[in-house]
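# Survey of secondary and tertiary structure
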There are 2 protein chains.
Amino acid sequence: MTNSKPSLHTVFSPSLLKLYEVKDAVVVVIDVLRATSTIATALFNGANAVIPVDDIAKCINISNAIGGITAGERDGRIAEGLQYGNSPFEYPREFIAGKTLVLTTTNGTKLLHMALSRGASHIITGSFPNYSAVCDYLLGQHKPVILGCAAWKDRVNIEDTLFAGAVISRIKEHFSIQCDSSRIAEMLYDRGKDDLYGFLESNDATHYRRLTSYGLQEDLRYCLTKDVAGIVPYYENERLIIHKQR
Amino acid sequence: MTNSKPSLHTVFSPSLLKLYEVKDAVVVVIDVLRATSTIATALFNGANAVIPVDDIAKCINISNAIGGITAGERDGRIAEGLQYGNSPFEYPREFIAGKTLVLTTTNGTKLLHMALSRGASHIITGSFPNYSAVCDYLLGQHKPVILGCAAWKDRVNIEDTLFAGAVISRIKEHFSIQCDSSRIAEMLYDRGKDDLYGFLESNDATHYRRLTSYGLQEDLRYCLTKDVAGIVPYYENERLIIHKQR
């Protein structure tokens, strides 16, 4: 079989990344609720950079060193010692423009560092707010793609899988997809695409339940809204910055 | 929240089993194409027991010691040194009744041993040929359930996920399901249930492609047929035997 299209795989959990050829691939880190939605939003609104870190002490140390903004939550509240939370609504242009956000995000950061250590060629982050920008970026690369779901403590979740499916439904003609996970993701998205919020609600998604129990319905709705923050966060020198098209 | 229903989780790949509380649960090992379909069939047709092993040397040694039948394939052919293959059609009653089958199965055996080492209370195997028997067994246990997909070299596959979804669609009212993987599996089954074969075909499932390339369409059709081998293979003393209802 000759096939000049690059491959595309979907990885449902960081625990499964080891099964795939990451070297020289573009890895899309997907953490829809809410890390990658917030990252896209902060950069879209003019943040200089977002530095993703996996624990609170590191967040504070880095932020002190560079004069950044610390952000992170535990159980729906701003984590002790940090300044802001994980909500995209906390990072409007008038606040975040020109600043660097140091964001604590457990699941997404873990996956990002795994992709890095496995030799990914490029790492970007994906979410519904920057959906089309991510798709256009992937179409322009002509490289193998790994859609990496950050999941929840490594357990598969619906919302990250849905986003992977959304990307596949848009770009699949341009890739060789021999990956059952990708088919499953695409079917899931096909089922939910007309009402993503209602889909999470009706399926009692675990993360939907967690966030609504904190009163974060508006965050949820925003994080399921396409193309309101149309940039590509690109990982370089330990920080995420907006990818500039050549 | 008080809820007296036992929990149910779906595990898409052996790599994810570590995330779940296996101790004291009933684990259903699912390897639809074809190991668990063949196991159900051989026992239904009167085999004394099926001994699942993970490599060919072990298969031959055990079989020599007990006077069993060796079985296993590599790349769609009977593996060198073994007598029979992985097809359920090789084990009709007139051949297998009263015999013990020593079956080489990589993915399923791995998951079974993982469940055992993590303290599973009971381990059974599930497939469409013994679908209703598995559902009835689970309903009778009143214990937490783990639907464990054997997957393909740890990569998630459509057919095992479909079977998990089929079980969930039948028994969900009797369990507390806070598990996105289970929701995804159920949706997948709902989408494919009217024509499982056509569903695998139209989604170009990786294992569908592999088996049809070996000319095994009839095996595929059989392995997607419900309730033609209505027994529950139960793991005890390193072998699978028919579970006897008390």
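Below you will find a few notes about this structure. (Residues numbered from 1 in each chain as written. Chains lettered and ligands numbered in written order. Predicted model: local features only at pLDDT ≥ 70, side-chain atom pairs only at ≥ 80, totals over all residues. Heavy atoms only, no water.)

## Focus on the overall build of chain A
A count of helical and extended segments in chain A gives 10 helices and 11 strands. A globule of 246 residues ought to have a C-alpha radius of gyration of about 18 Å, and chain A, at 17 Å, matches this closely. Its C-alpha atoms give chain A principal-axis dimensions of roughly 55 × 40 × 30 Å. Counting contacts in chain A only where the partners sit at least 6 residues apart, residues at least 24 apart contribute 76% of the total. When the accessible surface of chain A is summed, it comes to about 9900 Å², and 46% of that surface belongs to carbon and sulfur atoms. (Helix = DSSP H or I, 4+ residues; strand = E, 2+ residues; numbered from the N terminus. Rg over C-alpha atoms; globule rule 2.2 N^0.38 Å. Contact = heavy atoms within 4.5 Å. Areas by Shrake-Rupley, 256 points an atom, 1.4 Å probe, with all protein chains shown as cover.)

## Considerations on the relation of the copies chain A and chain B
Superposing chain A onto chain B takes a rotation of 180° combined with a translation of 0.0 Å along the rotation axis, leaving an RMSD of 0.0 Å. Classification of the inter-copy transformation places it as that of a two-fold axis. When each C-alpha of chain A is compared by its distance to the rotation axis, S15 of chain A comes out closest, at 3.3 Å. Here 100% of the contact residues of chain A are again contact residues in chain B; the copies associate through an equivalent surface. (Least-squares fit on C-alpha atoms with pLDDT ≥ 70 in both.)

## Concerning the pairing of strand β10 (residues 233–236) of chain A
Pairing analysis gives four bridges linking β10 of chain A to strand β11 (residues 239–242) of chain A, with the strands arranged antiparallel. Each residue of the ladder has a partner; that of Y235 of chain A, found in β11 of chain A, is L240 of chain A. (Pairing = 2+ DSSP bridges.)

## Re empty space enclosed by the protein
Per the counting criterion, the structure on display carries three cavities of 30 Å³ or more. Looking at the largest cavity, its volume works out to about 60 Å³. Around the largest cavity, the lining residues are I184, M187, L188 and R191 of chain A together with I184, M187, L188 and R191 of chain B. Those elements giving two or more residues to the lining of the largest cavity turn out to be α7 (180–192) of chain A together with α7 (180–192) of chain B. Taken together, the residues that form the lining of the largest cavity break down as six nonpolar, no polar and two charged. In this structure, the second largest cavity spans a volume of roughly 50 Å³. In terms of lining residues, the second largest cavity is bounded by V29, A35, T36, I39, P52, T105, G108, T109, L112, T125 and L240 of chain A. If you list the elements that add at least two residues to the lining of the second largest cavity, you get α1 (35–44) and α4 (106–117) of chain A. Classifying every residue of the lining of the second largest cavity gives six nonpolar, five polar and no charged. (1 Å grid on protein atoms, 1.4 Å probe; cavity = no way out; pocket = protein on both sides within 12 Å on 5 of 7 lines; lining within 4 Å. Points joined across faces, edges and corners; volume = space filled by probe spheres on them. Nonpolar A, V, L, I, M, F, W, Y, C, P; charged D, E, K, R; others polar.)

## Focus: the state of the cysteines
Note on terminology: disulfide describes a covalent bond linking the sulfur atoms of two cysteines. Residues and elements named next belong to chain A. A complete count under the given rule lists zero disulfides over all chains for this structure. The structure places no disulfide on C59, whose sulfur is separated from the nearest cysteine sulfur, that of C223, by 19 Å. For C223, which is in no disulfide, the shortest distance to another cysteine sulfur is to C149 and amounts to 15 Å. (Disulfide = S-S within 2.5 Å.)

## Some points on the pairing of strand β1 (residues 8–11) of chain A
Residue and element names in this part refer to chain A. Because side chains alternate across β1, one face comprises the buried residues L8 and T10, and the other comprises H9 and V11, equally buried. Across four bridges, β1 lies against strand β9 (residues 145–149) in parallel orientation. When the bridges of β9 are listed, T10 appears paired with L147. (Buried < 20%, exposed > 50% of the residue type's maximum accessible area, 1.4 Å probe, protein only.)

## Remarks on the packing of helix α5 (residues 131–141) of chain B against helix α6 (residues 158–171) of chain B
All names here are of chain B. Across the interface, α5 lies against α6 with an axial gap of 10 Å and an inter-helix angle of 50°. By the angle class used here, α5 and α6 are oblique. The handedness of the crossing between α5 and α6 is right-handed. Facing α5, whose interface residues are Y131, S132, C135, L138 and L139, α6 presents F163, A166, V167, S169, R170 and I171. Grouping the constituent residues of the contact of α5 with α6 by class yields eight nonpolar, two polar and one charged. (Axes fitted to C-alpha atoms, helices over the stretch in contact; angles between N-to-C directions. Parallel < 35°, antiparallel > 145°, perpendicular 65-115°, else oblique. Left-handed = near helix turned anticlockwise from the far one by under 90°.)

## Let's talk about the interface of chain A and chain B
In this complex, chain A contributes 32 residues to the contact, which on the side of chain B involves 32 residues. Interface of chain A and chain B: buried area, both sides summed, is about 2700 Å²; carbon and sulfur atoms make up 57% of it. It is R155, D180 and M187 of chain A that lose the most area in chain A upon contact with chain B, and together they represent 24% of the buried surface on that side. Applying the counting rule to chain A against chain B returns two salt bridges. R191 of chain B serves as the salt-bridge partner of D190 of chain A, at 2.9 Å between the closest nitrogen and oxygen. Here chain A is connected to chain B by 12 residue pairs in polar contact (both at pLDDT 80 or more). Looking at the side of chain A that touches chain B element by element, the count peaks at eight residues for α7 of chain A. Broken down by class, the residue content of the side of chain A that touches chain B amounts to 12 nonpolar, nine polar and 11 charged. (Buried area = accessible area lost by both parts, 1.4 Å probe. Salt bridge = Lys/Arg side-chain N within 4 Å of Asp/Glu carboxyl O. Polar contact = N/O pair within 3.5 Å; in protein donor to acceptor, adjacent residues only side chain to side chain.)

## Thoughts on α6 of chain B
All names here are of chain B. Here α6 contains 14 residues, and its C-alpha end-to-end distance of 20 Å stays within 8% of the 20 Å for a straight helix at 1.5 Å per residue. Within α6, 12 of the 14 residues are buried, which leaves it mostly tucked inside the rest of the structure. Residues of α6 that are buried include every one of I158, E159, D160, T161, L162, F163, A164, G165, A166, V167, I168 and I171, and no others. (Expected span 1.5 Å × (residues − 1).)

## Considerations on the environment of A25 of chain B
Residue and element names in this part refer to chain B. Here A25 shows up in the loop between β1 (8–11) and β2 (26–30). Remark: the alpha-carbon pair of A25 and Y189, spanning 164 residues in sequence, is separated by 24 Å. The residues touching A25, leaving out its near neighbours within four places in the chain, are A120, S121, H122, P144 and I146.

## Observations concerning α1 of chain A
Residue and element names in this part refer to chain A. Of all 10 residues that make up α1, nine are buried, and the element is covered over most of its length. Among the residues of α1, those classed as buried are A35, T36, S37, T38, I39, A40, T41, A42 and L43. Immediately downstream of α1, the backbone of G46 shows phi near 105°, a positive value.

## Here we look at the layout of surface pockets
Empty space within the largest pocket amounts to approximately 570 Å³. Lining the largest pocket are 28 residues, and of these E73, N86, T106, N107 and W152 of chain A lie nearest its centre. Within the lining of the largest pocket, the residues separate by chemical class into nine nonpolar, eight polar and 11 charged. One number sums up the size of the second largest pocket: a volume of about 480 Å³. Lining the second largest pocket are 19 residues, and of these E73, N86, T106, N107 and W152 of chain B lie nearest its centre. The set of elements that each furnish at least two residues to the lining of the second largest pocket consists of β5 (73–74), α4 (106–117) and α9 (206–213) of chain B. Per element, the largest residue contribution to the lining of the second largest pocket is three residues, and it comes from α9 of chain B. Broken down by class, the residue content of the lining of the second largest pocket amounts to five nonpolar, seven polar and seven charged.

All quantities given are derived from atomic positions and should not be read as evidence of function.
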